[in-house]
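The lines below spell out each chain.
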Amino acid sequence: MIRSELIQKVADENPHLYQRDVERIVNTIFEEIIEAMARGDRVELRGFGAFSVKQRDARVGRNPRTGESVQVEEKHVPFFKTGKLLRDRLNEG
Amino acid sequence: MSDKTLTRMDLSESVFREVGLSRNESAQLVESVLSHVSDALVAGETVKISSFGTFSVRDKSARVGRNPKTGEEVPISPRRVLTFRPSHLMKDRVAKGNKS
């Protein structure tokens, strides 16, 4: 399923809404999650999962081609942990 | 980092501000989006949201695990797990926003 198919499903369920409003709604939800993580916040959606930011420490890396050592800076990466309900649903039956 | 936790309520508040719907209906739409994504994943589909990321379901085979406290071997049954791969855009924005 891709973004446009998700929008279509929600639009079909809500015939009283304009398609372009459904589009804005779906986009707002995903945008808000990214913005929260960009601020370093967590987004916890019970039953679905939680988006959070993990810190990766600075380290000395190596260029695999040349074997040369390179300093890799500390960085922050997005992380998703599946919620219990969804995890259970994936393994039903 | 501000270290806050957002919930469904915060997402529905954003939807409420963005589109002229009631708070109640905004909350229902957030729920509807999450359940359509969940249903697709439970059906074994991959959910690919451009410029956000990709959720995919992977099959893990059975293996023998170990209770780390007692050292006892325990069988782990085959299971399906969900993985999320963030888009480049998300990775870049999260890295930039949290730069110290």
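First, a word on what this report is: a plain description of the structure on this page. (Residues numbered from 1 in each chain as written. Chains lettered and ligands numbered in written order. Predicted model: local features only at pLDDT ≥ 70, side-chain atom pairs only at ≥ 80, totals over all residues. Heavy atoms only, no water.)

Let us now look at the side chain of B:Ser87. Residue and element names in this part refer to chain B. Here Ser87 shows up in the loop between β6 (79–86) and α3 (88–97). Given a relative accessible area of 14%, Ser87 falls into the buried group. A polar contact of 3.0 Å, which involves the side chain of Ser87, links it to the backbone nitrogen of Met90. Among all residues touching Ser87, those that are not within four sequence positions of it are Ser51, Phe52 and Gly53. (Helix = DSSP H or I, 4+ residues; strand = E, 2+ residues; numbered from the N terminus. Buried < 20%, exposed > 50% of the residue type's maximum accessible area, 1.4 Å probe, protein only. Polar contact = N/O pair within 3.5 Å; in protein donor to acceptor, adjacent residues only side chain to side chain. Contact = heavy atoms within 4.5 Å.)

For any pair of aromatic rings, the description rests on two quantities: the centre-to-centre distance and the angle between the ring planes. Under the defined criterion, the tally for this structure stands at 12 aromatic pairs over all chains. Where A:Phe48 meets B:Phe55, the ring centres are 5.9 Å apart and the plane angle is 75°; that geometry is what we call edge-to-face. Taken as a pair, A:Phe48 in the loop between β1 (42–45) and β2 (49–56) and B:Phe55 in strand β3 (residues 53–60) lie in two separate chains rather than in one. Assessed through its relative accessible area of 4%, A:Phe48 is described here as buried. Judged by its relative accessible area of 1%, B:Phe55 falls in the buried class. An aromatic cluster is built from A:Phe30, A:Phe48, A:Phe51, A:Phe80, B:Phe52, B:Phe55 and B:Phe84, whose rings are joined through pairwise contacts. One cation-aromatic arrangement involves A:Lys54 over A:Phe79; the distance from NZ or CZ to the ring centre is 4.0 Å. Taking the ring centre of B:Phe16 as reference, the NZ or CZ of B:Arg23 above it sits at 4.1 Å. (Phe/Tyr/Trp six-rings, centres within 6.5 Å; stacked < 30°, edge-to-face > 60°. Lys NZ or Arg CZ within 6 Å of the ring centre and 35° of its normal.)

Right, let's talk about the interface of chain B and chain A for a bit. Size of an interface: often given as the accessible area lost when the parts come together. Across the contact, 52 residues belong to chain B and 46 residues belong to chain A. Carbon and sulfur atoms supply 65% of the area that chain B and chain A bury against each other, a total of about 4,700 Å² over both sides. Connecting chain B to chain A are three salt bridges. A per-element tally of the side of chain B that touches chain A places helix α2 (residues 23–42) of chain B first, with 13 residues. Looking at the side of chain B that touches chain A residue by residue, the class counts come to 27 nonpolar, 13 polar and 12 charged. Summarising the sheet, β1(A) and strand β1 (residues 5–6) of chain B pair through two bridges and their orientation is parallel. Note on β1(B): the bridge partner recorded for A:Arg42 is B:Thr5. (Buried area = accessible area lost by both parts, 1.4 Å probe. Salt bridge = Lys/Arg side-chain N within 4 Å of Asp/Glu carboxyl O. Nonpolar A, V, L, I, M, F, W, Y, C, P; charged D, E, K, R; others polar. Pairing = 2+ DSSP bridges.)

Time to look at α2(B). Residue and element names in this part refer to chain B. Between its terminal C-alpha atoms α2 stretches 29 Å, which fits the 28 Å expected from 20 residues at 1.5 Å a residue. Those residues of α2 not exposed but buried are Glu25, Ser26, Leu29, Val30, Ser32, Val33, Leu34, His36, Val37, Ser38, Ala40 and Leu41. Backbone geometry just downstream of α2 places Gly44 in the positive-phi region, at approximately 90°. (Expected span 1.5 Å × (residues − 1).)

What follows covers the layout of surface pockets. Rolled over the atoms, a probe with the dimensions of a water molecule shows which regions are left empty. What the largest pocket holds in volume is close to 310 Å³. Around the largest pocket, the lining comprises 13 residues; the ones closest to its centre are A:Pro78, A:Phe79, A:Phe80, A:Lys81 and B:Phe84. With six residues, the top contributor of residues to the lining of the largest pocket is strand β5 (residues 75–82) of chain A. Counted by class, the lining of the largest pocket contains seven nonpolar, two polar and four charged residues. (1 Å grid on protein atoms, 1.4 Å probe; cavity = no way out; pocket = protein on both sides within 12 Å on 5 of 7 lines; lining within 4 Å. Points joined across faces, edges and corners; volume = space filled by probe spheres on them.)

Ranked by size, the top nonpolar core spans 44 residues in total, and within it A:Leu6, A:Ile33, A:Phe48, A:Phe51, B:Leu41, B:Phe52 and B:Phe55 carry the most contacts. Sorting elements by how many residues they give to this core places helix α2 (residues 19–38) of chain A first, with nine residues. Those residues in contact with B:Phe52 that sit more than four places away from it in its chain are A:Arg3, A:Phe30, A:Ile33, A:Ile34, A:Phe51, B:Phe84, B:Pro86, B:Ser87 and B:Met90. (Core = buried A, V, L, I, M, F, W, Y, C linked by side-chain atoms within 4.5 Å.)

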